[in-house]
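Residues per chain, in single letters:
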Amino acid sequence: MKAPHEVIKAPLISEKGTALTESANQVLFKVRPSANKIEVKQAVEQMFKVKVEQVRMARYLGKVRRIGRSMGRRPDWKKAYVTLKEGDKIDFFGAV
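This write-up is about the structure you can find in this document. (Residues numbered from 1 in each chain as written. Predicted model: local features only at pLDDT ≥ 70, side-chain atom pairs only at ≥ 80, totals over all residues. Heavy atoms only, no water.)

### Overview of the nonpolar core
Okay, so step 1: Counting residues in hydrophobic clusters, the biggest one holds 16 residues, and the most contacted among them are I8, F29, V40, V44, V82, L84 and I90.
Okay, so step 2: Mapped onto this core, the elements with two or more residues apiece are β2 (26-31), α3 (37-48), β3 (52-60) and β6 (77-84).
Okay, so step 3: Excluding anything up to four places from it in sequence, I8 contacts F29, K30, V31, A43, V44 and M47. (Core = buried A, V, L, I, M, F, W, Y, C linked by side-chain atoms within 4.5 Å. Buried < 20%, exposed > 50% of the residue type's maximum accessible area, 1.4 Å probe, protein only. Helix = DSSP H or I, 4+ residues; strand = E, 2+ residues; numbered from the N terminus. Contact = heavy atoms within 4.5 Å.)

See below:
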């Protein structure tokens, strides 16, 4: 098994993510493209000490970008929708 900080790159803080947290008790994470659902579940449970009910994944292809005459490409990435057990919560901002 990989270390939790190798699987989870960062939380995704957006309007959609905030709405999902409030309505469906889900949290969004940007994860390594080769990560699977089991690795994400174990990593979240270890890092944040919560119980995970379900993990859904979405893959995104990197966009093609141009810098002058040369063409480049942003890297592919993966998003994980993590559903937490009722009563569990992850607070990224603390008491703001």
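### Notes on the packing of aromatic side chains
Okay, so step 1: For the structure on display, the rule yields two aromatic pairs.
Okay, so step 2: When the centroid spacing of 4.6 Å and the interplanar angle of 15 degrees are considered together, the rings of Y60 and W77 count as stacked. Taken together, the residues Y60 in strand β3 and W77 in strand β6 connect sequence positions 17 residues apart.
Okay, so step 3: On the basis of relative accessibility, which here comes to 31%, the residue Y60 falls in the partly exposed class.
Okay, so step 4: Residue W77 is classed as partly exposed on the basis of its relative accessible area, which comes to 25%.
Okay, so step 5: Positioned over the ring face of Y81 is R56, at 4.9 Å from the centre of the ring. (Phe/Tyr/Trp six-rings, centres within 6.5 Å; stacked < 30°, edge-to-face > 60°. Lys NZ or Arg CZ within 6 Å of the ring centre and 35° of its normal.)

Note that every value here comes from positions in space, so none of it alone points to a role or purpose.
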